[in-house]
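Results of the structural survey
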Amino acid sequence: MTDTIQFPSDFTWGVATSAFQIEGAASADGKGPSIWDTFSRNPANIIDGSNGDVACDHYHRYREDVALMAGLGVDAYRFSMSWSRVQPTGKGAWNEAGFDFYARLLDALDEKGIAAHLTLYHWDLPQGLQDDGGWLSRDTAQRFADYAHEVARRFGKRLASIATHNEPWCTANLGYGNAQFAPGVRDKKQAIQVSHHLLLSHGLAMQAMRAANAATGAKPALGIVLNQWTAEPATASEADRRLAALEWANSIEWFMDPIFKRRYPALSLEAHGADAPDVLPGDFDIIAQPLDFLGVNYYRREVMSAEVPPRKPEGGMGFTDMGWEIYPQGLTELLVQLKQEYPDLPPVYITENGMADADQVAGGQVDDAARTEYVRTHLAALKAAMDQGIDVRAYFLWSLMDNFEWNSGYAKRFGIVYVDYATQQRIPKASALWYRDFVAGQRAQRRAA
Ligand code: FCB
């Protein structure tokens with residue numbers, strides 16, 4: 001089906017990873033600890049008791065990993081920088097050895113003609129900043145802007161795009177709301193205040209990077225990556241519909257409205273009551289910086305039920321190894337809904353999409369047919385949204401390879417390349433070969449067109 005779909009000839013095909021999930025080398029060459037080093041070293045926090053000390057050892061094997069990408073024929077690679085690798089405590093002196101690693105990675109990508117899309121913050125705050133109050137402290141937003149400025153100044157000319165944050169919803173709600181993620185706080189009011197500081201830091205970083213770009217003449221596209229889903233009522237009941245509207249407000253509008261409408265959604269503010277964040281005069285003017293792109297991570301929809309226990313989603317197409325419902329048409333619906341609500345939506349990059357499966361190696365191969373089907377159906381759903389006028393420019397499959405899946409440790413595999421953690425051997429799964437052929441097919445159609 002997707003094999004015959006033609007995406008625009010300049011569409012970007014990529015794969016994605018993040019620093020803490022793959023790099024390992026937790027204290028190599030002057031790297032400082034991050035909150036994920038601290039959090040994952042307490043085995044009680046991670047389902048399989050593992051940590052990120054070695055992960056995929058990408059820090060030492062980046063050349064091999066870039067060669068893998070070249071073998072897939074992708075146009076682009078989305079990765080993140082470890083802040084505490086380049087600035088060990090999150091303030092003060094820069095660590096040149098840390099920057100050198102990313103310079104070498106960029107060299108390797110350049111050699112293969114793979115465009116580099118950098119995310120500044122994929123959850124691994126320097127522990128030094130956490131000790132000063134972390135994202136609960138307004139000052140951390142300024143530290144983040146300084147870091148963004150330095151990265152843009154040094155690397156802006158070599159990057160196709162720079163995203164400020166990855167999924168601030170998770171940083172706030174899983175890091176500070178339910179303690180599933182670092183730093184492991186369980187306090188709703190703090191989570192809400194943190195979300196405001198994250199948005200503020202995004203705005204300050206955008207301003208800082210625009211200034212750096214003006215000075216250097218670099219032109220990376222600048223934006224933010226949000227995790228998004230549609231929120232549907234489980235039934236037509238008033239209670240379910242109310243819950244779905246609140247879920248959309250709290251999860252989607254909470255991050256989009258400040259950027260596009262200079263306000264928080266009224267429904268959420270009302271629901272938060274005394275937990276609403278402290279917002280200083282001028283904050284929304286800082287947050288509402290124009291974006292060159294919006295990164296959307298899509299995995300599933302949310303079905304809201306007021307019943308006890310709540311009704312489960314139908315799952316007609318099944319569930320992934322994370323227990324997430326497979327629901328490709330939600331991607332079409334989400335993008336169409338975003339465009340309706342935010343008519344000035346910038347070009348969209350799908351910065352993550354993919355699935356966890358209980359992959360097994362048999363005869364040296366991994367037959368992950370379900371993952372291929374997941375990607376095929378989501379690409380068809382993406383094309384359907386584009387046919388309805390949504391301007392989507394790029395798709396990054398999550399993930400290039402199996403990696404440290406946060407509080408699930410190594411137990412959940414999202415890669416199109418299998419990683420044998422005992423030997424660090426990489427084995428492209430059937431989905432990787434399918435994706436390679438799919439991308440090649442798009443190129444052939446490009447040439448024929
Ligand atoms: C997203 C994260 C990414 C990965 C996938 C499965 O929320 O951005 O790091 O964990 O989920």
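Placed above this text is the structure.
Before going into details, it helps to say that this report is about the structure given with it. Keep in mind it's a predicted model, so treat the numbers as computed, not measured.

In this structure, Thr 372 sits in helix 14 (residues 369-387). Residue Thr 372 is classed as buried on the basis of its relative accessible area of 11%. Beyond its immediate chain neighbours, meaning those up to four positions away, Thr 372 contacts Ala 430, Ser 431 and Trp 434.

Right, let's talk about the packing of aromatic side chains for a bit. Taken as a whole and assessed by the stated rule, the structure comprises 40 aromatic pairs. Seen in terms of ring centroids, Tyr 121 and Phe 144 are 6.3 Å apart; in terms of plane orientation they differ by 85 degrees. Their pairing is edge-to-face. Here the residue Tyr 121 occupies a position in strand 3 (residues 115-121), and Phe 144 occupies one in helix 7 (residues 139-155), the gap between them amounting to 23 residues. Exposure remark for Tyr 121: the relative accessible area of 0% places this residue in the buried category. A relative accessible area of 0% places Phe 144 in the buried class. Here the aromatic residues Phe 20, Trp 36, Phe 39, Trp 123, Phe 181, Phe 404, Trp 406, Tyr 410 and Tyr 421 are joined through ring pairs into a cluster of three or more. Here Arg 300 stacks its cationic end above the ring of Trp 324, 5.6 Å away from the centre of that ring. A cation over an aromatic ring shows up here: Arg 301 above the ring of Tyr 327, its NZ or CZ 3.7 Å from the ring centre.

Moving on to the site of the ligand. In the vicinity of the ligand, the contacting residues are Gln 21, His 122, Trp 123, Asn 166, Glu 167, Tyr 299, Glu 352, Trp 398, Glu 405, Trp 406 and Phe 414. Note that an oxygen atom of the ligand is positioned 2.8 Å from one of the side-chain N or O atoms of Glu 405. Contact between the ligand and Trp 406: an oxygen atom at 2.9 Å from a side-chain N or O atom of the residue. When the free accessible area of the ligand is taken as 290 Å², the share hidden by the protein chains comes to 95%. When its residues are assigned to classes, the shell around the ligand shows five nonpolar, three polar and three charged.

Once that is clear, we can look at the pattern of salt bridges. Taken as a whole and assessed by the stated rule, the structure comprises 38 salt bridges. Residue Glu 232 pairs with Arg 301 through a salt bridge whose shortest N-O separation is 2.9 Å. Residue Glu 232 is located in strand 6 (residues 231-233), and its partner Arg 301 is located in the loop between strand 7 (293-297) and strand 8 (302-304); the two are separated by 69 residues in the primary sequence. For Arg 301, a relative accessible area of 8% puts it in the buried group. Connected via shared salt-bridge partners are Asp 359, Asp 368, Arg 371, Asp 402, Arg 413 and Lys 429.

A word on the pairing of strand 4 (residues 161-166). Summarising burial for strand 4: six of the six residues are buried, a large majority. For strand 3 and strand 4, the ladder comprises four bridges, and the chain directions are parallel. Bridge pairing in strand 4 links Thr 119 to Ala 163. Pairing analysis gives four bridges linking strand 4 to strand 5 (residues 221-227), with the strands arranged parallel. Considered in strand 5, the bridge of Ala 163 is made with Gly 223.

This brings us to the nonpolar core. One finds Trp 36 and Leu 382 to be the most contacted residues of the largest nonpolar core, which totals 135 residues. No other element matches the nine residues that helix 9 (residues 188-216) contributes to this core. Residues Ala 145, Leu 200, Leu 204 and Ala 208 belong to the second largest nonpolar core, which totals five residues.

Attention now goes to the sheet that holds strand 5. The sheet built from eight strands closes into a barrel, its strands ordered 1-2-3-4-5-7-9-10 with parallel pairing. Between one strand axis and the next, the sheet turns through 25 degrees on average, direction left out of account. Both strand 9 (residues 348-352) and strand 10 (residues 392-398) contribute to a ladder of three bridges, which runs parallel. Bridging from a neighbouring strand, Val 348 pairs with Val 392 of strand 10.

Before going further, it helps to examine the packing of helix 7 against helix 9. Put simply, helix 7 and helix 9 touch, their axes get as near as 8 Å, and they point 30 degrees apart. Considering the angle they form, helix 7 stands roughly parallel to helix 9. In this structure, helix 7 crosses over helix 9, and the sense of that crossing is right-handed. The residues of helix 9 that touch helix 7, namely those facing Ala 141, Gln 142, Phe 144, Ala 145, Ala 148, His 149, Ala 152 and Arg 153, are His 197, Leu 200, Ser 201, Leu 204, Ala 205, Ala 208, Met 209, Ala 212, Asn 213 and Thr 216. Along the lines of polarity and charge, the residues of the contact of helix 7 with helix 9 split into 11 nonpolar, six polar and one charged.

Parameters and conventions
All residue numbers refer to positions counted from 1 along the written sequence of the respective chain. A pLDDT threshold of at least 70 governs which residues receive local features in this predicted model, and a stricter bar of 80 or more applies before side-chain atom pairs are shown or counted, although totals over entire chains, interfaces and linings include all residues. Only hydrogens and water are set aside; all other atoms, that is, all heavy atoms of the structure, feed into the side-chain values. Think of it this way: any DSSP run of H or I at least four residues long counts as a helix, any run of E at least two long counts as a strand, and we number them from the N terminus. Only protein chains enter the calculation, and the probe is 1.4 Å; a residue is then buried if its accessible area is under 20% of its type maximum, exposed if over 50%, and partly exposed in between. In this description, contact between two residues means that some pair of their heavy atoms is separated by no more than 4.5 Å. For Phe, Tyr and Trp, rings pair up if their centres lie within 6.5 Å, where Trp contributes its six-membered ring, and each pair is then called stacked (planes under 30 degrees apart), edge-to-face (over 60) or tilted (otherwise). Only Lys NZ and Arg CZ are tested; either one counts as a charge over a ring when it is within 6 Å of the ring centre and within 35 degrees of the ring normal. Proximity is defined per residue: if any heavy atom of the residue lies within 4 Å of a molecule or strand, that residue is considered near it. N or O atoms within 3.5 Å of each other form a polar contact, as long as, within protein, one can give a hydrogen and the other can take it, and as long as residues adjacent in sequence are counted only when both atoms are side-chain atoms. Each accessible area is a Shrake-Rupley result for a 1.4 Å probe, and residues are judged covered by the shown protein chains and nothing else. Note on residue classes: Ala, Val, Leu, Ile, Met, Phe, Trp, Tyr, Cys and Pro are nonpolar, Asp, Glu, Lys and Arg are charged, and everything else, Gly too, is polar. Salt bridges are defined by distance alone: a side-chain nitrogen of Lys or Arg within 4 Å of a carboxyl oxygen of Asp or Glu. Following DSSP output, two strands are said to pair if at least two bridges run between them. In this text, buried Ala, Val, Leu, Ile, Met, Phe, Trp, Tyr and Cys residues form a nonpolar core when linked through side-chain atoms within 4.5 Å. Comment: axis = line fitted to C-alpha atoms, over the contacting stretch for helices; angle = value between 0 and 180 degrees taken between N-to-C directions. For classification purposes, an angle smaller than 35 degrees is called roughly parallel, one larger than 145 roughly antiparallel, one from 65 to 115 roughly perpendicular, and anything else oblique. Crossing handedness follows the turn of the near helix against the far one: under a right angle anticlockwise gives a left-handed crossing, and clockwise gives a right-handed one.

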